[in-house]
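Each chain, letter by letter, is given below.
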Amino acid sequence: MTVRRYLIAGNWKMHCRQSDGAALAADLAARVGPVADPRFDLLLCPPATIVATISQAVSGSAVSVGGQDCHAQAQGAHTGDIAADMLADVGAGWVIVGHSERRTNHAESNAMVRGKAAAVLRAGLATIVCVGETEAERDAGQAEQVVAAQLKGSIPDGAAATNTVIAYEPVWAIGTGRTPTLADIAAMHAMIRARLSGLVADPDAVRILYGGSVKPSNAAEILGLPDVDGALVGGASLKADDFWAIAQACP
Ligand code: PGA
């Protein structure tokens, strides 16, 4: 059986100024220490403006840092955009792509997400590719179909367990306090695992995170499900105690 280490990733979204971000990161870095827990990897994805600061704050610890988005090109006339390589330059090892807030607020299609993910891999970083259905799609019985299409359209050539993680985040569960039933999460993660064959070289080794209202009170039951290999955490990642409690809930 393939052993997959858990990944507990914090998506800070558009929160944290330099000083509070650095304090939060330093607190977590002190808890993790120089050697990662045998159960999990910890990743912080702050706003791009403080990636360098947060990288400094966690240096010497086993905590990793990532960006929340990047451009599909390595450089050029793209005002306001950031290349994956620029995130790498200031200490990022990861970039989240295709978060539903990007897909919705910036009309990012699967093809665009795929282009960004490919750029992340070209820059030598690892990517978290987000997928997830809306409430209307779930109510219409289309959740699996939508997520399958997002996987097929968003995962770039060259994706493998070493450079790519999938995050399943039902849009209606993000920031709402609502989560799918454990059975629904397990069913979707099993479907994603099955669909990964043909899209990645080593489908059994790829980590599949759940995201959407993960908190200390539900982390253990969600992380205990088969094919759930970690969590992408928004709101609860902004409090060191809560984020740490989620990581400690890894089996
Ligand atoms: P949430 O966000 O934990 O606040 O629901 C998750 C996410 O958007 O990644």
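Presented here is an overview of the structure given in this document. Per-chain numbering applies: the sequence of each chain, read as written, is numbered from 1 onward. pLDDT decides what is reported in this predicted model: residues at 70 or higher carry local features, side-chain atom pairs at 80 or more are listed and counted, and totals for whole chains, interfaces and linings draw on all residues regardless. Excluding hydrogens and water, the side-chain figures rest on all heavy atoms present in the structure.

**Digging into the site of the ligand**
Whether a residue is near a molecule or strand depends on its heavy atoms: it is near if one of them lies within 4 Å of it. Neighbouring the ligand are 13 residues; K13, H99, E169, G175 and S213 lie closest to it. Any pair of N or O atoms that falls within 3.5 Å is considered a polar contact. Within protein, one atom must be able to donate a hydrogen and the other to accept it, and sequence-neighbouring residues count only if both atoms are side-chain atoms. E169 has a polar side-chain atom sitting 2.6 Å from an oxygen atom of the ligand. One of the backbone N or O atoms of G235 is found 2.8 Å from an oxygen atom in the ligand. The accessible surface values rely on the Shrake-Rupley method and a 1.4 Å probe; as for residues, cover is taken only from the protein chains in view. In isolation the ligand offers 280 Å² of accessible surface; the protein chains occlude 95% of this area.

**Some thoughts on the packing of helix α1 (residues 18-32) against helix α10 (residues 240-248)**
Helix axes use the C-alpha atoms of the stretch in contact, all axes being lines fitted to C-alpha atoms, and the angles between their N-to-C directions lie in the range 0 to 180 degrees. Secondary structure elements are defined from DSSP: runs of H or I of at least 4 residues count as helices, runs of E of at least 2 residues count as strands, and each element is numbered from the N terminus. Following both chains from N to C, one finds α1 and α10 inclined at 35°, their axes separated by 10 Å at the closest point. Where α1 crosses over α10, the two elements pack in a sense that is right-handed. Note on element contacts: α10 touches α1 through A240, D241, F243 and W244, opposite L24, D27, L28, R31 and V32. In terms of residue class, the contact of α1 with α10 is made up of 6 nonpolar, no polar and 3 charged. The sense of a crossing depends on the near helix, which, turned anticlockwise from the far helix by less than a right angle, makes the crossing left-handed and, turned clockwise, makes it right-handed. Here, residues are in contact when the closest pair of their heavy atoms is within 4.5 Å. When residue character is reported, Ala, Val, Leu, Ile, Met, Phe, Trp, Tyr, Cys and Pro are called nonpolar, Asp, Glu, Lys and Arg charged, and the others, Gly included, polar.

**Description of the nonpolar core**
Note on terminology: a nonpolar core comprises buried Ala, Val, Leu, Ile, Met, Phe, Trp, Tyr and Cys residues joined through side-chain atoms within 4.5 Å. A simple rule labels every residue: compare its accessible area, found with a 1.4 Å probe on the protein chains alone, to the largest value its type can have, and call it buried under 20%, exposed over 50%, or partly exposed in between. I8, L42, L44, I166, I192 and L223 are the most contacted members of the largest nonpolar core, which has 66 residues in total. Apart from residues no more than four positions distant in its own chain, L42 is found in contact with I8, L28, V32, A62, V63, S64, F243, W244 and A247. Membership of the second largest hydrophobic core comes to 13 residues, among which are A9, W94, I96 and I128.

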